[in-house]
Each structure stands twice: as structure tokens, then as C-alpha cells.
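In case you want the letters, here they are:
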Amino acid sequence: MITHAFTMQLKPGFAEEYKLRHDAIWPELQELLAESGIEEYYIYLHEQTGTLFAFQKLMAGHTTASLPEHPVVKKWWNYMADIMNTHPDHSPVENRLKEVFRLDTK
């Protein structure tokens, strides 16, 4: 299993709206993410800074690299652009994180 970890940044005052939008994630987006090989996807919020910490567990052979070109993903980015830091194409500013420690107790 591959883990992809990154941070994103909410604009001030939008934590509740961000959660509401994700609680109502579009079924077609959820299906697309699963089909691309994202087995698990978690997002956590640091409330004081608005920093979002996300990680995905990806299956071997995942096709997530093609997601940015999919119309549903682009539509989601446009939907979220007003509440978080984004690039000009509305993709979220994503700061990849490097794994520096892992403890598997199995």
C-alpha cells in the first residue's frame, strides 16, 4: 500500500463550510476516486491555522496521476476554490509531505 500525504490551506473562516461540502461529497467524485485506486482518504484540520493535513492510501497500480484532467475533479476544484488556496486552474495548493518515520505494529 502506498501512502500519499500532503497539506492544503483553508481561507480564514471556512472550516465549517469545508466540512459541510465534504460531508456531501458528490457520489460521482467518490466513485472516481475509488476507481483511480484511492482506497482510503483522510483529511484533518488544524483549527488554529486552517491547515488541512491529508493522506491517501493508494492501491498498487493506482491511476491518480490522471485525476487532474477529469471533468468531475475540475468541477470539484471550481466548487472549492472560494474557500481554500488554489492555483490559477483552481487546483488546491498542495504541499507534499515526506515520510520520515513509520511504526508498523502488526
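Structure: above.
Description of the structure in this document.

1. Here we look at the pairing of strand E1 (residues 2-9)
Relative to strand E3 (residues 51-58), E1 runs antiparallel, the two sharing eight bridges. The residue bridging threonine 3 from the neighbouring strand is lysine 57, located in E3. Across two bridges, the pairing between E1 and strand E4 (residues 95-96) is antiparallel. Across the sheet, threonine 7 pairs through a bridge with asparagine 95, a residue of E4.

2. Structural notes on the pattern of salt bridges
With the rule as written, the count across this model stands at five salt bridges. For arginine 21, the salt bridge is made with glutamate 17, and the minimal N-O distance between the two is 2.7 Å. Placement of both arginine 21 and glutamate 17 in helix H1 (residues 15-23) is noted, with a separation of four residues, approximately one turn of the helix. We classify arginine 21 as buried; its relative accessible area is 9%.

3. Description of the packing of aromatic side chains
Enumeration over the complete set of coordinates arrives at eight aromatic pairs. With 4.9 Å between their ring centres and 85° between their planes, tryptophan 26 and tryptophan 76 make a pair best called edge-to-face. Note that tryptophan 26 is positioned in the loop between H1 and helix H2 (27-35) and tryptophan 76 in helix H3 (residues 71-80), a separation of 50 residues in sequence. Accessibility classification places tryptophan 26 together with tryptophan 76 in one group, the buried group. Grouping aromatic residues by their ring pairs yields a cluster made of Tyr42, Tyr44, Phe53 and Phe55. Over the ring of tryptophan 26 we find lysine 75; its NZ or CZ atom is 5.2 Å from the centre of that ring.

Scoring rules and cut-offs
Residues numbered from 1 in each chain as written. Predicted model: local features only at pLDDT ≥ 70, side-chain atom pairs only at ≥ 80, totals over all residues. Heavy atoms only, no water. Pairing = 2+ DSSP bridges. Helix = DSSP H or I, 4+ residues; strand = E, 2+ residues; numbered from the N terminus. Salt bridge = Lys/Arg side-chain N within 4 Å of Asp/Glu carboxyl O. Buried < 20%, exposed > 50% of the residue type's maximum accessible area, 1.4 Å probe, protein only. Phe/Tyr/Trp six-rings, centres within 6.5 Å; stacked < 30°, edge-to-face > 60°. Lys NZ or Arg CZ within 6 Å of the ring centre and 35° of its normal.

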